[in-house]
Every structure is written in C-alpha cells, then in structure tokens.
Amino acid sequence: MSNVNTGELLNFQDYSPEHNDRSARIDVEAVHTNQYSSSMSNPNYTFEEPKITEEPEAAPQTNHNFWSIKYYQKYFDVQTNEVVERIISSVLPQKVSRNYFDERIKGKPDLYGPVWISVTLIFTIAVSGNIASYLQNTNKAVEWRYNFHIVSIAATAIVCYVWIVPLALWAALKWTITPDGHDEIETQTSKSPTMMSLFCLYGYSLSIYIPVAILWMIQVFWLQWLFVLMAAFVSGAVLIFWLLPALRKSRYFVILVGCILGLHFLLATGFMLYFFHSPGSVVKAPLITSTLKPV
Amino acid sequence: MTTFDSKYDVSKMFPAGDVGVVEGEMNIPTQGASSGDPMEFNTLDEPIKETFLRDLRAVGNKFYHVLIPREKTSLLKEWDLWGPLLLCTFMATILQGSKERADKSNDGGPEFAEVFVLVWIGAAVVTLNCKLLGGNISFFQSVCVLGYCLFPIALALVVCRVILFASQTTFLFFLRLVISLVGFVWATFAATKFLGDSQPEGKKALAVYPICLFYFILSWLVVSHSNV
C-alpha cells in the first residue's frame, strides 16, 4: 500500500477542470489528462509493460529503440527468487531440472545477474585482496597501506572475461556446428545458444568465485590452490554441463571444452596468484609493482 | 472559446485588409493565487542573503531527514544535487591519498578524482539499475537520494579521521571498523526507506542489493583510509 505514496509523488499533477472553465477545448484536454494520469497512477503500469511485449524469440522485433532504457528492460525483467534460483543452478545444477538452461535461461536471459555478480566479484577481490596483503604484512615492521588500484585491475580482468569469452564461444559455436541430418524445423533445444544466454551463463558461473575470494584470504598455500581447483572445477563443470548439447554438435568438441575449462582455470589461478599470494615467493612480483607505479 | 469569439467578431466588423484597432482582454487563469502555492512568491527583490539562506535551509533540512528517515516525501519531492556535491567533494578531499607516501608495494590510496568519479558513477549505475528493473522514479530523484544518504558515511569518515590523530592500536582500528559499519547500515537503511517503495514487490531485493554494495564500497574506503 505504501507504493501509492511514491506513485502519487511522481505522477502528473491532476488539475481539476474548474480552473479552466473558460474554454471548452481545454476541458477536453483535461479529460484526456485525467485518463492518462489514472492509467499512470497504477503503480504496476510501467513494470507490466515490458512483460506484455516480451517474447523469447521476438525480442529484436519490439519497437523500442536500441538506445532507450525500455529496450534493455527486458533483460532485467527478473524476480528475486529467479535470480537466487539461477545462482544456485550455477553451483549445484542437480538442484534444478535437467534442461533448466534450455527452458529458462535460453528463453529469458537476464543481465541483472551477470552485471551485479561481476561488480560484486570485482570489489570482493579488491577488499579481500587488501586484507590478504595486510595479513601478509602483519609480522613485518612496515606500515601497511591499502592498494586502491586493485579495483581497476580486477575490473579489467573480469569484464574482459565476462564479455569476450562468451562472444568468442558464441562465434565458435555458430560457425563450427555441423548441420546434422534433421529437418530445419527442430526443437529449440538443438539450436546453438544465443549470445545473450551465453553472457548470462558466464556471468552466473562467476558467482562461486565470490565466496572463494573471501576464503583466499587464508594464507595457507595448499589451501589456496585447493580452492582454485575446486572453484574452477565446479563452475567449469557446470558450464560444460549446460552447454553440452550444443557443444556436442560442434566439430571441435574437444578443443572447445578444453578452452572453456582452461580459461576458467586460468582466471582462478590468475586471481589467486595476483591478488592473494604473498609477492615474495612469486617471480612475477617485480613486474606487478612496476606496472602499478605509473598509475 | 473567448479568443475564438473575439476573433470571429473582429473579422466580421472589419473586412479583410482593413484590420484597424484590435481590442481585447487577456485573461490568464490565475492558478498560483488559487492554489496558494508558497513557492510562488516573488524572489526578484529579496536580498541575496535570504535566497542563499533559504536554499541552505532546504539542503540542511534534507540532511536532517536522512539522519532521521521517518517520512519519505521530503527528499523525493524536490530534488537538488547540492548536498551530494558537498558530501562527495568533502569525502574525496579527505580520502585522497598522497603520492609521497606511496612506496613500491602500495600506491598511497585513491586520487581525488577516483573517489569523486566512483561516487557519481556509482550513484548513476545504481539508479540505472532501478530504472532497468522497472522502478517508477526519475533519474535525478534517485541520484539525489543516494547522494544525500552518503551523510552517515561522511560523518563516520569525520569520526575516523579524528581517531586517526591518536597513535594507532588494534582497539582503535576496531573502533573505526565499527563506526564505519554503523555509517554503512544507517546509509543503507535510509536509502532503502526512500527508494524501496518505487520497486514492484518481487524485485525489491534486486534493487536494494546494488545500493548496499555501493555504500559498502564507500565504507570500505573509509575504514581503509589511514594516511594521516
């Protein structure tokens, strides 16, 4: 019910026609305004609209301009429980049905999850990377100061990963899928996944790194590697699991699977060595500081 | 109706080409007087001091409403960006690191511009997220609310800055941590109170989460700021 308060504030002011009784024309306009504002005062109006126009496959045909917010609203049309469900499905795929990806994510990919999971991961890494370097320096006499520019490095790495890898995978799937003997009219599940659904899938697959980034603060070398292996294996396996029907039809099945898993593992290793490992034992350390200095 | 009638009459009395003197009355509907709007007064001949103080009072009033977020109309009705600008400039000035203190393993904290841009871009992105989720709120209203709700965090920054003048112990670090945490919770609570209702029921958590993240990052900057 408190919705109504905010709604009233933001609506057009409804001037009653008594003030304008000199002119019949204005009266007509006032009636129009009344109708308009009464339809606008329904708080669900703006939120229902993209739902009505939304069709899984007819997305580009909607007449919303590419540059307007309305165009992107269909990628943010998710409820809280859907997002939670998708995060769970990116870690524990057995919790949801076998063709969850085909049914839900492919039909209605969202960008809310990928965007905010990436942002969360960037700042989680920045915060816990700083705490890790603090823990490394507690025994030394050096006064510790925090490193703000971890944020920009982590952001570059994650944004590149989340956008470039799905794009490459989408292109690879598009051009290497061999047409099998079936008819053109096939079920949706056998088509190669759309670009948006790959972005969505990759974004959600990063969610496991958020708790892992917090656990990486523990300065035990073998434990950190264990977390790398575990996180990369779990989310990489989930990625393969969802993409398997599409991947299987590609001519370069093994290469693609290898690339997906390899990049995922590389990302985790890179995070761990770069942000969480004490620089003393890594050969790369001088290089890191020299790149940071001119910033 | 009136204008049409008079025109009609004029053209009947004076044939085409011979227009002569057109007489009439201009009637403007006196809306301001009838609605009794207090903002409708004349500001042309008032002293500058009064104008300035009135605006200052409006900004101060909004700060007060952020600290005690009981009713949500005050910030949403008339947005301004003066408060956010003041807070943002203040925080960026205090939080900026210094190049002299940077050594080879650290960069001495963020620059002024980095904090400044982080606040504005962050507020803009959080607002954009609200709009994309389908919230019915205007862009600047939301930026205004998010900016004004930085006030508790700015207060926490002032207190932490004062604490930093003493010699640092573990206890004082935890004190700073707790103070920033209180500022974070306070800011998030206030912003949620103001903005939460603009979202449909099932998406409220989705809109509130980025707000939390935004204030969390700024609180983190406050805690980790240690350049005296």
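Residue numbering note: each chain is counted from 1, following its sequence as written. Chains and ligands are labelled by the order in which they are written, letters from A for the one and numbers from 1 for the other. Thresholds applied to this predicted model are a pLDDT of at least 70 for local features of residues and 80 or more for the giving and counting of side-chain atom pairs; totals over whole chains, interfaces and linings are not thresholded and use all residues.

An unreviewed UniProt entry lists chain B under the name Protein YIPF, with Loxostege sticticalis as the source organism.

Where we set the bar: UniProt positions are given in the numbering used here, feature names are shortened, and annotations may be inferred rather than shown by experiment.
Within an unreviewed UniProt entry, the label attached to chain A reads Protein YIPF, and the organism entered is Loxostege sticticalis. Looking at chain A in UniProt, the text filed under Sequence similarities (unreviewed entry) is "Belongs to the YIP1 family."

1. Things to note about the overall build of chain A
Defined as follows: Here a strand is any run of E in DSSP of at least two residues, a helix any run of H or I of at least four, and the numbering for each starts at the N terminus. Counts of 20 or more other C-beta atoms within 10 Å of a residue's own C-beta define buried residues, counts of 12 or fewer define exposed ones, and intermediate counts define partly exposed ones; C-beta atoms are placed from the backbone. It is the C-beta atoms, placed from the backbone, that decide contacts: two residues are in contact if theirs lie within 7 Å.
Counting its secondary structure elements, chain A contains 13 helices and 0 strands. Its helices and strands taken in sequence order, chain A reads α-α-α-α-α-α-α-α-α-α-α-α-α from the N to the C terminus. Classification of the 295 residues of chain A by burial places 32% in the buried group. Partitioning the contacts of chain A with sequence separation of at least 6, the portion at a separation of at least 24 is 76%.

2. Considering the UniProt feature "transmembrane region" (unreviewed entry) in chain B
All names here are of chain B. The UniProt feature table records "transmembrane region" (unreviewed entry) at residues 115–133, 145–167, 173–194 and 206–223. Taken end to end, residues 115–133 is 95% helix and 0% strand, and its two terminal C-alpha atoms sit 27 Å from one another. For residues 206–223, the end-to-end C-alpha separation is 26 Å, with 100% helix and 0% strand making up the annotated structure.

3. Notes on the packing of helix α9 (residues 170–195) of chain B against helix α10 (residues 204–224) of chain B
All names here are of chain B. In plain terms, the rule: Between N-to-C directions, angles span 0 to 180 degrees; the directions come from axes that are lines fitted to C-alpha atoms, helices contributing only their stretch in contact. Any angle from 65 to 115 degrees is called roughly perpendicular, while one under 35 is roughly parallel, one over 145 is roughly antiparallel, and all others are oblique. Crossing handedness follows the turn of the near helix against the far one: under a right angle anticlockwise gives a left-handed crossing, and clockwise gives a right-handed one. Three classes are used, and their members are as follows: Ala, Val, Leu, Ile, Met, Phe, Trp, Tyr, Cys and Pro are nonpolar, Asp, Glu, Lys and Arg are charged, and the others, Gly among them, are polar.
Their axes nearest at 9 Å, the elements α9 and α10 cross at an angle of 155°. The angle between the axes of α9 and α10 places the two elements in the roughly antiparallel class. Considering the relative orientation of α9 and α10, their crossing is right-handed. Between α9, through Arg-176, Leu-177, Ser-180, Gly-183, Phe-184, Ala-187, Thr-188, Ala-191, Thr-192 and Leu-195, and α10, the contact on the second element is made entirely by Val-208, Ile-211, Cys-212, Tyr-215, Phe-216, Ser-219, Val-222 and Val-223. Looking at the contact of α9 with α10, its residues break down into 12 nonpolar, 5 polar and 1 charged.

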